[in-house]
There are 2 protein chains.
Amino acid sequence: MSPSPAFNFAAGPARLPDAVLERARDELFARGPDAASALERPFTDDAFRATLAHARERLAELLALPPNYRILFLAGGALHQFSLVPMNLLGDARHAAYADSGYWSRRAMAEGARYADVVLAARHAGPVPLAAPALGRWALPAGCAYCHITPNETVDGIAYPGLPDTGDVPLVADCTSCFLTGPVEVSRFGVLYASAQKNIGPAGLTVVIIREDLLGRPAPRVPAPHCYRLQAEHDSCVNTPPTWAIHVAGLVFDWIADAGGLAAMAAANRRKAERLYAAIDGSEGFYVAPVATGHRSGSNVRFHLADDRLTDLFLAEAEAHGLTHLRGHRQVGGLRASLYNAMPEAGAAALADFMAGFARRHG
Amino acid sequence: MSPSPAFNFAAGPARLPDAVLERARDELFARGPDAASALERPFTDDAFRATLAHARERLAELLALPPNYRILFLAGGALHQFSLVPMNLLGDARHAAYADSGYWSRRAMAEGARYADVVLAARHAGPVPLAAPALGRWALPAGCAYCHITPNETVDGIAYPGLPDTGDVPLVADCTSCFLTGPVEVSRFGVLYASAQKNIGPAGLTVVIIREDLLGRPAPRVPAPHCYRLQAEHDSCVNTPPTWAIHVAGLVFDWIADAGGLAAMAAANRRKAERLYAAIDGSEGFYVAPVATGHRSGSNVRFHLADDRLTDLFLAEAEAHGLTHLRGHRQVGGLRASLYNAMPEAGAAALADFMAGFARRHG
């Protein structure tokens, strides 16, 4: 029934690179000279510390990380960071700014509002067409602790075409669904974070990258494992970190480096996204992408059928072709194809071909 | 050099059952009809919800869980719970009680003191011999929100021989290193929690079991994914949970059930611990266990050499015999053999035999 190979377009947890899964599988029950596998090894052991250092150093290389930034590997997901950011960055400030670019930025803002007086820094355009907030210089109150953005909106399919100018106010970015999809100018950010289950590895791990001068502001009641400063002082080992997830993350970073680094990821991701958006734009209105050109996400291609009654049929036929997890987020409906680093170009091509065929059969 | 099989006595992350590692390995790169493996499947997918329900239901069976308790699968470790407990249980109360039974209970108390006026409910005996706090009725202030205990101290090797009577004050227990090692009367507890990396599965996951009437007290600022009530309402899916760790936890629960359940675990664990303590007590003072009989942990057998200068030699020779990760926690030094459920009885026997031989050669 299903042609081989099949492709999973889930928004996260999402497909991981075949080479990473193969190696993680082969190592899972391979106990070392210390009688422990990567899943069973104490986090205080030198071998795990080497695993952690490898992941940290390889990630720093991929990002060309400036020396005044620290990498933290923390338990949990981006939603945890929605609280950890104000807990760690507000200090004595009253205000924090948030840009509303879609669903996840609003979730971040709602959490932030429990700690700070939230200022709306900018808002996306829309509803038709949707677009990222206008860039340029954003007016922020004096003494604003940080300005939070979501450069890629996983649910809405909106991506910022650039970065705003927030002056002296540190830019904090939830990069969950665009992390490592292309080169990033880290020095533009005070903090950037990404949960693992899109482009890093297993769910339950989040990477936080923070400029060192921002480590000095933790609130008195921030829980010990959530204190960025304490975690930086203890190399992410204030308590047992998600050891195996960090091990797999290191394998993913190796895979990206072997494939040519972030520039190569960006080039392949561009080709994949262009192929799908071309299938949408060339369908004579059969498929509709609600986001304006130039603001469309390369990670999460959001679209719908002009005739919504065909959506379930589309999903059923796609699945029969081995093209799975294409339903849009329940908040917005429609369809969504997530094209993270691990999605082969053949996957995007197979989906584009299927879309053209479905449009011919039902258009 | 090293005889086969080898045994890893780490306190956690620790050895997992061979059968669980085998199955997790075989499934790791086995993509299902939806083109996703267990590591890649969206947490909103029916297949993952079935995995989650399986783990929850199987755990409830193992524990004979009363119907007014809820099981949560949360990201992070026990140290996270040290803050989550006061955040979720204090309500309008000012006081929380903590018993000091050793290192981890004091860490819990230190975190609790940032949220509550902490009352010392009881204290361990010692330093020689060490013993759990005396039981009986503990005097607690009126309106005390909860009383926190650590039934098994991983570092100190102390185990409570029973439970205290805290009257109407809910008993909260960090069961990390004794969870599932034997039957437990859940109805005696308001909350019990355990991080996964001893007896449940991969690090980065914590199980919280809470009596339903205690779900109504979250502090206004508890981060969304840390709110017990919200997580209970959303079946642990307020955000992406550590999906694969939950999958593996389900495999571990199956393994325990297949092996005869918690009574069978308790019987095997008792035999393993008795074997090691007999090796210590029968060594004519060559090995010393600092904890009083009746208070000795079955999970974490703590001992040292009467002549501490032999410790490094002991560790080196043990490692050459494939008996690894036996060094005591840096806070207390000496030696420690952790005997969680996944440690085969042959492991305890091999260590006891090695200890006898080492004592003969160097005594």
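On a predicted model such as this, the values are computed, not experimentally measured, just so you know.

Q: Quick one: what's the story with the interface of chain B and chain A, residue by residue and with numbers?
A: Accessible area lost when the parts come together is the quantity often used to give the size of an interface. Of the residues lining the interface, 59 residues belong to chain B; the matching set on chain A comes to 59 residues. With both chains or domains summed, chain B and chain A bury close to 4900 Å², and 62% of this area falls on carbon and sulfur atoms. Run the count over chain B and chain A and you get 2 salt bridges. Between A:Asp18 and B:Arg31 there is a salt bridge; the shortest N-O distance is 2.9 Å. The interface formed by chain B and chain A contains 26 residue pairs in polar contact (both at pLDDT 80 or more).

Q: Any chance you could break down the UniProt feature "modified residue: N6-(pyridoxal phosphate)lysine" (unreviewed entry) in chain A for me, citing the residues and the numbers?
A: Residues and elements named next belong to chain A. Here the UniProt feature "modified residue: N6-(pyridoxal phosphate)lysine" (unreviewed entry) sits at Lys198. Relative to the helices and strands, Lys198 resides in the loop between strand E9 (191-195) and strand E10 (205-211). By relative accessible area, which is 10% here, Lys198 ends up buried. In this structure the side chain of Lys198 is engaged in a polar contact, spanning 2.8 Å, whose partner is the backbone oxygen of Ala11.

Q: How would you explain the UniProt feature "binding site: pyridoxal 5'-phosphate" (unreviewed entry) in chain A if you had to name every residue and give the values?
A: All names here are of chain A. In the numbering used here, UniProt assigns the feature "binding site: pyridoxal 5'-phosphate" (unreviewed entry) to Trp104, Thr154, Asp174, Gln197, Asn239 and Thr240. Spatial dispersion of the annotated residues is evident: they stretch over 137 residues in sequence, and the largest pairwise C-alpha distance comes to 30.6 Å. Within the secondary structure, Asp174 sits in strand E8 (residues 171-174). Sequence-distant contacts of Asp174, that is, excluding residues within four places in its chain, are made with Ala78, Phe82, His148, Ile149, Thr150, Pro151 and Tyr193. By the secondary structure assignment, Thr240 is in the loop between helix H5 (228-233) and helix H6 (243-258). Judged by relative accessible area, Thr240 falls into the buried class, the value being 14%.

Q: Residue-level account of the environment of A:Ala30, with values.
A: Residue and element names in this part refer to chain A. Mapping Ala30 onto the fold places it in the loop between helix H1 (18-28) and helix H2 (46-63). C-alpha separation for the pair Ala30 and Gly250, spaced 220 residues apart in sequence, amounts to 17 Å. When near neighbours in sequence (up to four residues on either side) are disregarded, Ala30 contacts Ala36 and Ser37.

Q: So what's going on with the domain arrangement of chain A? Residues and values would help.
A: Residue and element names in this part refer to chain A. Taken as a whole, chain A is organised into domain 1 (22-258) and domain 2 (261-362). Using only C-alpha atoms to locate each centre, domain 1 and domain 2 end up separated by 27 Å. Counting from both sides, the interface comprises 28 residues of domain 1 and, opposite them, 24 residues of domain 2. With both chains or domains summed, domain 1 and domain 2 bury close to 2100 Å², and 57% of this area falls on carbon and sulfur atoms. Summed over the shared surface of domain 1 and domain 2, the result is 0 salt bridges.

Q: Pulling in residues and values, what's your account of the relation of the copies chain B and chain A?
A: Its rotation angle being 180°, the transformation that places chain B on chain A also includes 0.0 Å of axial translation and leaves an RMSD of 0.0 Å. Taken together, the rotation and translation relating the two chain copies correspond to the operation of a two-fold axis. Residue B:Arg25, judged by its C-alpha, is the member of chain B lying nearest the rotation axis, at 2.6 Å. Mapped onto chain A, 100% of the interface residues of chain B again fall at the interface, so both copies present the same surface.

Q: Lay out helix H9 (residues 345-362) of chain A in plain terms, naming residues and giving numbers.
A: Between its first and last C-alpha, H9(A) extends 26 Å over 18 residues, near the 26 Å set by a 1.5 Å rise per residue. For H9(A), the full list of buried residues reads A:Gly347, A:Ala348, A:Ala349, A:Leu351, A:Ala352, A:Phe354, A:Met355, A:Gly357, A:Phe358 and A:Ala359.

Conventions we followed
Sequence order as written defines residue numbering, which begins from 1 separately in each chain. Chains and ligands are labelled sequentially in the order written, the chains with letters from A and the ligands with numbers from 1. In keeping with the predicted nature of the model, local features appear solely for residues at pLDDT of at least 70, side-chain atom pairs appear and are counted solely at 80 or more, and the whole-chain, interface and lining totals rest on all residues. Hydrogens and water are ignored here; the side-chain numbers use all heavy atoms of the structure. Any two residues whose heavy atoms approach within 4.5 Å at even a single point are treated as in contact. Buried area adds together the accessible area that both of two parts lose upon being put together, with accessible area traced by a 1.4 Å probe. Should a side-chain nitrogen of Lys or Arg be within 4 Å of a carboxyl oxygen of Asp or Glu, the pair is scored as a salt bridge. The definition of a polar contact used here is a pair of N or O atoms within 3.5 Å, where within protein one atom must be able to donate a hydrogen and the other to accept one, and adjacent residues in sequence count solely through side-chain atom pairs. UniProt positions are given in the numbering used here, feature names are shortened, and annotations may be inferred rather than shown by experiment. A run of DSSP states H or I qualifies as a helix once it reaches four residues; a run of E qualifies as a strand once it reaches two. Both are numbered from the N-terminal end. Here the term buried applies to any residue with accessible area under 20% of the maximum for its type, exposed to any over 50%, and partly exposed to those in between, with areas from a 1.4 Å probe on protein chains only. Domain start and stop points were drawn from an automatic or database domain assignment. Least-squares fitting of one copy onto the other uses the C-alpha atoms of those residues that reach a pLDDT of at least 70 in both copies. Helix span, expected: 1.5 Å multiplied by one less than the number of residues in the helix.

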